[in-house]
Amino acid sequence: MSDVTLNAAATVPEAAPRSAPLTEVGLVGWARANLFSGWISTAVTLVLAYFIIRWAIGFVDWAFVNAVWSVPNNQTQACRDARGVGACWAVITEKHRFILFGTYPYEEHWRPALCVLLFVALYVVSAMRRFWRPSLALVWVGVLTLIGLLMWGGVLGMPYVPQERWGGLVITLILATFGLAFAFPLAIVVALGRRSNLPAIKAICVIYVELIRGVPLISLLFMASVMFPLFLPEGMNVDKLLRAQIAIILFAGAYLAEVVRGGLQALPKGQYEAADALGLSYWHKTGFIILPQALRLVIPPLVNTFIGFFKDTSLVLIIGIFDLLTAGKTAIIEPAWQGFGVEVYLTVGAIYFVFCFAMSKYSQSLEAELNRHRVR
Amino acid sequence: MPHFGLFLKRALGAAALGCAMLAPGLAQAQPAPAAASNTFDAVRSRGQLICGVNTGLAGFAQPDSQGVWKGFDSDYCRAIAAAIFGDPSKVRYVPTTAQVRFTALQSGEIDVLSRNTTWTLSRDTVLGLDFAATTFYDGQGFMVKASLGVKSAKELDGATICVQPGTTTEQNLTDWSRANRVRFTPVVIERLEELVSAYIAGRCDAYTTDISGLAATRSAQPKPDDHLILPEVISKEPLAVGVRQGDARFADVVRWTHYLLLSAEEFGITQANVAQMAANDPRPEVQRILGKNGELGKMLGLDNLWAVNVIKAVGNYGEIFARNLTPIGIQRGPNALWTTPGGLQYSPPFR
Amino acid sequence: MSQTTIDPRSLRAPPRRPIRLSWSDERVRAIVWQILVVGLIGAVIWWLWSNTVHNLEVRRIATGFGFLTREAGLPIAENLIPYSPTDTYFRALLIGLLNTLKVAVVGIILATIFGTLIGIARLSKNWLLSKIAGVYIEVIRDLPLLLQLLFWYAILQALPGPRQAMNPVAGVFLSNRGLKLPWIEWQDAHSYALLAFVLGLAYTLLYRRDAIRKRILDGKPRPVWPIAIGCILVLPLVVWYAAGAPFVVDWPALRGFNFRGGLNMSPEYFALLLGLTMYTAGFIAEIVRSGIQAVPHGQWEAAQALGLRPASVLKLVVMPQALRVIIPPMTSQYLNITKNSSLAVAIGYQDIVSIANTTLNQTGQAIEGIAIIMLVYLSISLSISLFMNWYNARIALVER
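These numbers come from a predicted model, not from an experiment.

1. What to know about the overall build of chain C
Helix and strand counts for chain C come out as 13 helices and 7 strands. The C-alpha radius of gyration computed for chain C amounts to 28 Å, which surpasses the reference 21 Å derived for 400 residues by more than 25%, pointing to a less compact arrangement than a globule. For the C-alpha atoms alone, the extent of chain C along its principal axes is close to 85 × 70 × 50 Å.

2. Points about the overall build of chain B
Within chain B, the regular secondary structure consists of 14 helices and 11 strands. Within chain B, the fraction of its 351 residues that count as buried is 56%. At a minimum sequence separation of 6, the contacts of chain B that also span at least 24 residues come to 71%.

3. Side note on the packing of helix α10 (residues 310-340) of chain C against helix α13 (residues 366-395) of chain C
To characterise two packed helices, one gives the angle between the axes of the helices and the distance between these axes. Residue and element names in this part refer to chain C. Look at α10 against α13: their axes get within 10 Å of each other, and the N-to-C directions meet at 170°. It follows that α10 is roughly antiparallel to α13 by the angle criterion. Crossing geometry of α10 relative to α13 is assigned as right-handed. Of α13, the residues touching α10 (which contributes Leu-323, Arg-324, Ile-327, Pro-328, Thr-331, Tyr-334, Leu-335, Thr-338 and Lys-339) are Tyr-377, Ile-380, Ser-381, Ile-384, Ser-385, Met-388, Tyr-391, Asn-392 and Ile-395.

4. Describing the sheet that holds strand β7 (residues 263-265) of chain C
Residue and element names in this part refer to chain C. Here 3 strands make up an open sheet; going across it, the order is β1-β2-β7 and the pairing antiparallel. On the outer flanks of this sheet lie β1 (173-175) and β7, each paired with one strand and no other. Across this sheet, the average inter-strand angle for adjacent strands is 15°, counted without regard to direction.

5. Quick word on the pairing of strand β2 (residues 178-181) of chain C
Residue and element names in this part refer to chain C. Where β1 and β2 come together, 3 bridges link them in antiparallel fashion. Residue pairing in the sheet places Leu-174 in a bridge with Leu-179 of β2. Examined bridge by bridge, β2 and β7 share 3 bridges and lie antiparallel to one another. Its bridge partner being in β7, Leu-181 is matched across the sheet by Leu-263.

6. A closer look at the UniProt feature "domain: ABC transmembrane type-1" (unreviewed entry) in chain C
The positions that UniProt labels "domain: ABC transmembrane type-1" (unreviewed entry) are, in the present scheme, residues 97-388 of chain C. Annotated as residues 97-388 of chain C, this span is 72% helix and 7% strand, and its ends, taken at the C-alpha atoms, are 21 Å apart.

7. Remarks on the nonpolar core
Across soluble globular proteins, you tend to see nonpolar side chains buried next to one another. Counting 272 residues, the largest nonpolar core has Leu-221 of chain A, Ile-80 of chain B together with Leu-149 of chain C as its most contacted members. Top contributing element to this core by residue count: helix α8 (residues 169-194) of chain A, with 18 residues. Each residue touching Ile-80 of chain B, except ones within four places of it in the same chain, is listed here: Leu-49, Val-112, Val-253, Val-254 and Thr-257 of chain B.

8. Quick look at the UniProt feature "transmembrane region" (unreviewed entry) in chain C
Within this structure's numbering, the places UniProt gives as "transmembrane region" (unreviewed entry) are residues 30-49, 103-123, 135-155, 189-206, 227-249, 269-288 and 370-391 of chain C. Secondary structure across residues 269-288 of chain C divides into 100% helix and 0% strand, with the first and last C-alpha atoms of the span separated by 27 Å.

9. A few points about the environment of Ala-42 of chain B
For Ala-42 of chain B, the location among the structural elements is in helix α2 (residues 39-46). Through-space distance from the C-alpha of Ala-42 of chain B to that of Asp-111 of chain B is 9.2 Å; in sequence the pair is 69 residues apart.

10. Here's the deal with the interface of chain A and chain C
Each partner contributes to the interface: chain A provides 48 residues, whereas chain C provides 50 residues. Elements that contribute at least two residues to the side of chain A that touches chain C include exactly α3 (39-65), α9 (199-214), α10 (217-231), α12 (269-277) and α15 (341-372) of chain A. A per-element tally of the side of chain A that touches chain C places α15 of chain A first, with 10 residues. Taken together, the residues of the side of chain A that touches chain C break down into 31 nonpolar, 12 polar and 5 charged.

11. Digging into the confidence of the model for chain B
The predicted coordinates ought not to be read in detail in places where the model reports low pLDDT. Residues and elements named next belong to chain B. Confidence along chain B averages 84 in pLDDT terms, with 88% of residues attaining 70 or more. The element-level mean pLDDT for chain B is lowest in helix α1 (residues 3-26), coming to 44, with helix α3 (residues 72-85) highest at 95. In the model, residues 1-36 has pLDDT below 50 throughout and makes 66 contacts with residues more than four positions away in sequence or in other chains.

12. Quick word on helix α6 (residues 188-218) of chain C
Residue and element names in this part refer to chain C. Taking 1.5 Å of rise per residue, 31 residues should cover 45 Å, and α6 covers 45 Å from first to last C-alpha, within 8% of that figure. Residues Ala-193, Ala-196 and Gly-200 constitute the buried set of α6. The secondary structure elements touched by the buried residues of α6 are α7 (225-242). A positive phi of about 75° marks Gly-219, the residue just after α6.

13. Comments concerning the pairing of strand β8 (residues 184-188) of chain B
On any regular strand, side chains alternate: one points to one face of the sheet, the next to the other face. Residues and elements named next belong to chain B. Extensive coverage of β8 is indicated by the burial of 4 of its 5 residues. Bridge count between strand β7 (residues 159-163) and β8: 5 bridges; the pairing is parallel. The residue of β8 that forms the bridge with Cys-162 is Val-187. Regarding topology, helix α6 (residues 168-180) serves as the crossover connection from β7 to the parallel β8, and that connection is right-handed.

14. Considerations on unusual backbone geometry
Residue and element names in this part refer to chain B. For Arg-181, which is not glycine, the phi dihedral falls at a positive 50°. Considering the arrangement of structural elements, one finds Arg-181 in the loop between α6 and β8. Classification of Arg-181 by C-beta neighbours within 10 Å gives exposed; the count is 8.

15. Overview of helix α13 (residues 282-312) of chain A
Counting along an α-helix, one turn takes 3.6 residues, and residues three or four places apart therefore face a common direction. Taking 1.5 Å per residue as the helical rise, α13 of chain A with its 31 residues ought to reach 45 Å, whereas the 36 Å between its terminal C-alpha atoms falls clearly short. In α13 of chain A, a bend of some 50° at Ile-299 of chain A exceeds every other bend along the element, and Pro-300 of chain A, a proline, comes one to four places later.

16. Here we look at the environment of Arg-141 of chain C
Residues and elements named next belong to chain C. Turning to its location among the elements, Arg-141 is positioned in helix α4 (residues 127-141). Considering only alpha carbons, one finds Arg-141 and Ile-109, 32 residues apart in sequence, at a separation of 19 Å. With sequence-adjacent residues up to four places away left out, Arg-141 is seen in contact with Gly-282 and Phe-283.

17. Topic: the environment of Pro-252 of chain C
All names here are of chain C. Tracing the backbone shows Pro-252 in the loop between β4 (249-250) and β5 (253-255). Residue Pro-252 is classed as buried on the basis of its 21 C-beta neighbours within 10 Å. In this structure the C-alpha to C-alpha distance between Pro-252 and Gly-171, which are 81 residues apart in sequence, comes to 6.3 Å. Beyond its immediate stretch of four places on either side in the chain, Pro-252 contacts Gly-171, Phe-173, Lys-180, Pro-182, Phe-259, Gly-261 and Gly-262.

18. Considering the confidence of the model for chain C
The share of residues in chain C with pLDDT of 70 or more is 93%, and the mean pLDDT across the chain is 84. Overall fold confidence for the complex sits at a pTM of 0.82, while the interface term, ipTM, reaches 0.84.

19. A closer look at the packing of α9 of chain A against helix α11 (residues 240-266) of chain A
All names here are of chain A. The contact between α9 and α11 brings their axes to 9 Å, and the two run at 115°. If you check the angle between α9 and α11, you find them roughly perpendicular. Here α9 and α11 pass one another in a crossing that is left-handed. Residues Tyr-208, Val-209, Ile-212 and Arg-213 of α9 form the contact with α11, whose participating residues are Leu-250, Phe-251, Ala-254, Tyr-255, Ala-257 and Glu-258. Residues of the contact of α9 with α11, tallied by class, amount to 8 nonpolar, no polar and 2 charged.

Quick notes on the rules
- Note on numbering: residues in each chain are counted from 1, in written sequence order.
- The naming scheme follows written order: chains are lettered A onward, ligands numbered 1 onward.
- Totals for whole chains, interfaces and linings use every residue, but because this is a predicted model, local features are given only for residues with pLDDT of at least 70 and side-chain atom pairs only at 80 or more, for both listing and counting.
- Helix and strand assignments follow DSSP, with helices taken as H or I runs no shorter than four residues and strands as E runs no shorter than two, numbered in order from the N terminus.
- The globule rule is 2.2 Å times the number of residues to the power 0.38, and the radius of gyration it is compared with is taken over C-alpha atoms.
- We call a residue exposed when 12 or fewer other C-beta atoms sit within 10 Å of its C-beta, buried when the count reaches 20 or more, and partly exposed for counts in between; the C-beta positions come from the backbone.
- A pair of residues counts as a contact when their C-beta atoms, built from backbone coordinates, are within 7 Å of each other.
- Here, axes are lines fitted to C-alpha atoms. For helices the fit covers the stretch in contact, and angles between N-to-C directions go from 0 to 180 degrees.
- Angular relationships are summarised with four words: roughly parallel below 35 degrees, roughly antiparallel beyond 145, roughly perpendicular across 65 to 115, and oblique for the angles in between.
- It is the rotation of the near helix from the far one that decides the hand of a crossing: anticlockwise by less than a right angle makes it left-handed, clockwise makes it right-handed.
- Two strands qualify as a pair provided that DSSP identifies no fewer than 2 bridges between them.
- UniProt positions are given in the numbering used here, feature names are shortened, and annotations may be inferred rather than shown by experiment.
- Nonpolar core, as used here: buried Ala, Val, Leu, Ile, Met, Phe, Trp, Tyr and Cys residues forming one set through C-beta atoms within 7 Å.
- Three residue categories are used. Nonpolar comprises Ala, Val, Leu, Ile, Met, Phe, Trp, Tyr, Cys and Pro, charged comprises Asp, Glu, Lys and Arg, and polar comprises the others, including Gly.
- What pLDDT expresses is the predictor's confidence in each residue, scored from 0 to 100.
- In a helix, the anticipated span is given by 1.5 Å times the number of residues less one.
- The path from the first strand over the helix to the second decides the hand: if it runs clockwise while the strands point away from the viewer, the crossover is right-handed.
- Two axes define the bend at a residue: one fitted to the seven residues ending there, one fitted to the seven starting there, and the bend is the angle between them.

As structure tokens, this is what we get:
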């Protein structure tokens, strides 16, 4: 940014009126205005700069200069010697496949890896406005089915892999994405129900939303892991992963319902009245007039809510499901690697950050874009 | 814009379709124990035993690098499967945490719980499960870092102690501290791995659990000699195999599989010599056990050669012990046969 | 939030027609729909309920809350009120609830202060400060809280043991057993002084309100500070002095394995508090920033034109308006802190979830255990919502 101003100042033709003194424009001027505008500001800048530089040097030393990148067959002595001064990235070199794919059969790791790519591709395609058309839903169904096929196998010569062995990043993506895919329709129904003028339906929706939003996700996950089996008739069993997935769907449904309701409320009353005046039935009014506009309004907060779920899926650690975070923690159980938690957490954190940061930047730009036509 | 209504319809339809496609895959409603009293038939018709094991405890149940479960507890799963199907590989292992183990059994998610679980009165009654047999006599102890200079648990007054919550271990610890006036600060972490790493990191002065567990943890450390297991044993911990309550027939199969392993050791029947002994051992009890004489297997509702299958698959009790627990430094001690002084493992007669 | 658009149909208020039993009658349809939905949901609930009852019976699982009066036998590391393992499950759960409140209340206060500071820093004219605040907000919000908690806990565990504890200031020790601070030995005199302080504070606030009201009437300023000093500072001191002025500092000292005496903050509590505060502060900072930015620029300029000092502009003009935007989202952040404190179970801080979890494990009564957890959180959530709604209504713009 500062460079641009500098160049602009330099290319001013000689004949032009005298440019402002160098202390007012350009890098120096910018710095004077933004970093050293008064003695307090100057002090703050200097103190912060000092700490940042110190910290950055320390971090670079720890993470790169003194780091141990690999060790031969679990001989972690080199790492232990470097403790406190250098990072032990050898733990990541050694365990990265486990952190990413958990206990999935080793020679079949290409399958979850492909699934992760499919998920990312699905997100990217869904993010592009030019693909926002009805067929996108079919793409979702297709891709999710393909992911299911890849993970389970049992066809096309791929050996069957039971859910107990799935793990790592792909579980995080499955829980979050399937959670969204199923919670979204549920949320629309609940949001409509909450604004309905049928008292019984409204009451049910209010109770559902408030009940779920009033308790922590952990209690729902506990419920799914220890209470849910008691709810089913004898002999009927539901897999642990699916039970957690149901808890996440119910949880996400309540929060998304509030987001959708926000969109419904933000719609001008005139839209409702106009639809009524046209004599449209409730379903036509909702399907053709209200929802298309309301859902468009809620896309940015929807992405933000999705970021929240994406992070919250890490809570399945507590009920022992092998998501990315659990796999990371399990990787450092082995005695040889105990005590290198910081390195693993930084790596796992970086993966979460890449996903969440991309989504939050996307949501911000989308918000700006969607608001553009409203700002005249 | 008008596309959106259509989009909504299709999206909902697609979601429903997705549901329909995925649900049956995930929610495999297993051909299930139709009534709690009939696990045996349910297991048979399913063709697979579902066995609840620990999430990972060296020597007892731990997946190896190929993901195959190895250990004392998982060998019991294989033995029961061999007794029922004649094939030890017909087992599905479900790793269970301390918290979900009982509900998993109650709900029918697993058929049998073989997960270092202490047999207590309240668990036997109000928790809705039955213990079939004590497979391992254990006791609770303490482990400290050798550098701490502690030689006896009584010296632990004022210490911070790591303990897993919701276990008998936790209750024993409080009982013992009251009786011996040893004050302590607990650190309670649900997940065993985290608890152990808290102890290793020095968050606690001592770590308490069953001695077998202490030995397993100690042997897994890079320098086992840095850790000391204190001499005091503060409780009885009979680790037993559990089944659902009111399921007498299945409990019999589990119980007698255990007795079979003991008797086999007593009579010297091993994995290596079982075929030969079944053919030509003259002792009447051996002949009865191995199905050459009588119908003992049929009485249990099993194949008459069940014993041969079990021993072929896993060996006798002593062999299971030697394979899994001796390498991590656990002595036979009270788990020796009754014929050895101090041994508690005793099988009723096969008759 | 609770605003409802009035359905035009109800406004039309048609003359009461007799209900005809026909599908074309809107009211008939409404009733049929409701009966259908309620019936369906009722049937599902009944089905689940009967399954559960049957399962409990067949599996002979005990039911009811009778276990609450039984001896718990579980050790608890941190308790605000006296507790020993011989106490009942009820008392153990109460300790858990207090521990939850302890971390939630302190977390809410710290996160508000810290978050507000960062939010203001984000708006600073100083480019570096504003950028750092921005990076902090972005990074902290994009990482799962559980990961952050585990990270902090791992860092605290890596501290030296008690015998090699860090001792930055005399009496303060930092080790992997937590933070130890010197603390006064609490005696009755201190309780009296504290009571005097609270009463003095309350009186000062009342006096201040009265002073402002009178000032609006006659324009004469009435200084509050003499009363404030008298009631908040002098009065408690006098009470304390009158009660004998006891003052014994309890210094933490290494005895045996651990430090004894002084004030202790365990690594579990510290990690949880740190994680919750830092995480939520990121969200609060964004709320504060957008709240302040929501105040039109003209308000700043007008206030400056009136000759108010910058601090007064913020305090008297901008903040009261910004608060109206800030309070509703802040409420949900406070609720989030409380609910997120349940992650304590992952790092071994004994909050209500952790203790209820142990209880349900020991008694095998999963339904009761989870019901207790949910009930506790629902009541806390409801209380916070009610309080914040009351506060919101108080500061809301009185519209004509």
